[in-house]
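Survey of secondary and tertiary structure
Next come the chains, spelled out residue by residue.
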Amino acid sequence: MKIALIQMAVETKKEQNIKKAINFLKQAKKQEADMAVLPEMFCCPYATENFPIYAEQEGGVAWQALSDTAKECNLYIIGGSMAEKAADGAVYNTSYVFDRKGNQIAKHRKMHLFDIAVTGGQCFKESDTLTAGNEITVFDTEFCKIGLCICYDIRFPELSRCMALEGADMIIVPGAFNMTTGPAHWEILFRTRALDNQVFTVGVAPARQEKGYISYANSIAVSPWGEVITRLDEKESIAFCDIDLEKIKQVRQELPLLAHRRTDIYTLEKKRK
């Protein structure tokens, strides 16, 4: 399974971002990728005041462009994320997934909103304009089951473990860590979640731009053994990563971590609505 990590710079105009994303997706197809992943808020500059302005309903312009490109290129597309306007007016940070025929096969609304205030560092409050999602997202492909979450979601180990217990062999995370949290925690989190659950983890961020919200970038892929197998720097670029799913079987046989859980003492319960 070959995955393209698309680390694109996000511009002010939504139409330019969509066009750029399509060009990158077509480049991924030329390199025979099976799946391509865009960054968080790939068509909207990352700022709380922008989210309601750039938001569109499911089936809108950005959604349709990704669906059409998936079909044209015969490519799985993880649509990074975009601002979604729900029927009731609420705005979500939403990632759509399209199969090779352009059908939407999954949708994840960011569950944990990024409300932080680091002394001497980053202050940000997504809840000023965004609403939190309530669903754990795992979807099927011809290769394996894949878990999907967005940025801050990766910090919560319970969520990744729930996805692994639902059969995910890979966890994909469109994200946009900043220059306070990124250098400190980005790589550690992706390596730890990979080790915790013996899965591949993939994080795709926007390229770094020295204006507005500054993304750490450094898009990354990590093996179930915790090895960094692909990593970009801060520049706009695309990386390709070959995923050997046999590695999961090998790691889980040699170090049967999940099988050794003491479910007679503790469990992780997914609440039903």
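Reading guide: rules and limits
- Residues numbered from 1 in each chain as written.
- Predicted model: local features only at pLDDT ≥ 70, side-chain atom pairs only at ≥ 80, totals over all residues.
- Heavy atoms only, no water.
- Helix = DSSP H or I, 4+ residues; strand = E, 2+ residues; numbered from the N terminus.
- Rg over C-alpha atoms; globule rule 2.2 N^0.38 Å.
- Buried < 20%, exposed > 50% of the residue type's maximum accessible area, 1.4 Å probe, protein only.
- Contact = heavy atoms within 4.5 Å.
- Lys, Arg positive; Asp, Glu negative; His and termini not counted.
- Charge placed at Lys NZ, Arg CZ, Asp CG, Glu CD.
- Disulfide = S-S within 2.5 Å.
- Patch = residues over 30% accessible without salt bridge, like charges linked within 9 Å, V, L, I, M, F, W, Y side chains within 5 Å.
- Areas by Shrake-Rupley, 256 points an atom, 1.4 Å probe, with all protein chains shown as cover.
- Salt bridge = Lys/Arg side-chain N within 4 Å of Asp/Glu carboxyl O.
- Pairing = 2+ DSSP bridges.
- Expected span 1.5 Å × (residues − 1).
- Core = buried A, V, L, I, M, F, W, Y, C linked by side-chain atoms within 4.5 Å.

1. Brief notes about the overall build of the chain
When helices and strands are tallied, the chain shows six helices and 15 strands. Taking 273 residues into account, the globule formula puts the C-alpha radius of gyration at 19 Å, and the chain, at 18 Å, falls close to it. Principal-axis analysis of the C-alpha atoms gives the chain an extent of 50 × 45 × 40 Å. Buried residues in the chain amount to 56% of all 273 residues. Of the contacts made within the chain by residues no fewer than 6 positions apart, 67% connect residues no fewer than 24 positions apart. Averaging the locations of the 34 positively and 36 negatively charged side chains of the chain gives two centres separated by 1 Å.

2. Some thoughts on the state of the cysteines
Under the counting rule described, the total for this entry stands at zero disulfides. Just so you know, Cys43 is unpaired, no disulfide at all, and the nearest cysteine sulfur is the one on Cys44, 6.7 Å from it. Cys43 gets classed as buried once you look at its relative accessible area, which sits at 2%.

3. Description of a nonpolar patch on the surface
Taken together, the side chains of Trp225, Leu255 and Leu257 define a hydrophobic patch exposed on the protein surface, amounting to about 280 Å² of accessible area. On the secondary structure map, Leu257 appears in the segment after helix H6 (246-254). What makes Leu257 partly exposed here is its relative accessible area of 36%.

4. Comments concerning the pairing of strand S12 (residues 200-204)
Extensive coverage of S12 is indicated by the burial of five of its five residues. With burial as the criterion, each face of S12 is covered, one bearing Phe200, Val202 and Val204 and the other bearing Thr201 and Gly203. Pairing analysis gives five bridges linking strand S11 (residues 168-174) to S12, with the strands arranged parallel. Along S12, the bridge assignment pairs Met170 with Phe200. Bridge analysis of S12 against strand S13 (residues 220-222) gives three bridges, and the strand direction is antiparallel. Residue pairing across strands places Val202 opposite Ala221, the latter belonging to S13.

5. Remarks on the pattern of salt bridges
Inspection of the entire model under this criterion finds 19 salt bridges. Residue Glu58 is joined to Lys107 by a salt bridge in which the shortest nitrogen-to-oxygen separation is 2.7 Å. On the criterion of sequence distance, the pair formed by Glu58 in the loop between helix H2 (50-54) and helix H3 (61-73) and Lys107 in strand S6 (residues 104-109) is long-range, its members being 49 residues apart. Classification of Lys107 as partly exposed rests on a relative accessible area of 25%.

6. Describing helix H5 (residues 181-197)
With 17 residues, H5 extends 23 Å from end C-alpha to end C-alpha; this agrees with the ideal 24 Å at 1.5 Å per step. Against strand S7 (115-117), helix H4 (157-165), S11, S12, S13 and H6 lie the buried residues of H5. Phi turns positive, to about 50°, at Gln198, one or two residues after H5.

7. What about the nonpolar core?
Counting 26 residues, the largest nonpolar core has Ile6, Leu25, Leu38, Phe42 and Leu66 as the members making the most contacts within it. Broken down by secondary-structure element, the contributors of at least two residues to this core are strand S1 (2-7), helix H1 (14-30), H3 and strand S5 (91-98). If we skip the residues at most four places from it in the chain, Phe42 touches Met8, Val10, Asn17, Ala21, Ala62, Leu66, Gly79, Ser81 and Met82. By size, the runner-up hydrophobic cluster in this structure holds 24 residues, among which are Cys144, Met170, Leu232 and Ile248.

8. Thoughts on the environment of Phe114
Structurally, Phe114 can be placed in the loop between S6 and S7. Phe114 gets classed as buried once you look at its relative accessible area, which sits at 6%. Residues Phe114 and Val202, spaced 88 residues apart in sequence, show a C-alpha to C-alpha distance of 20 Å. When residues no more than four places from it in sequence are discounted, the contact partners of Phe114 are Phe124, Lys125, Glu126, Tyr152, Asn178 and Tyr213.

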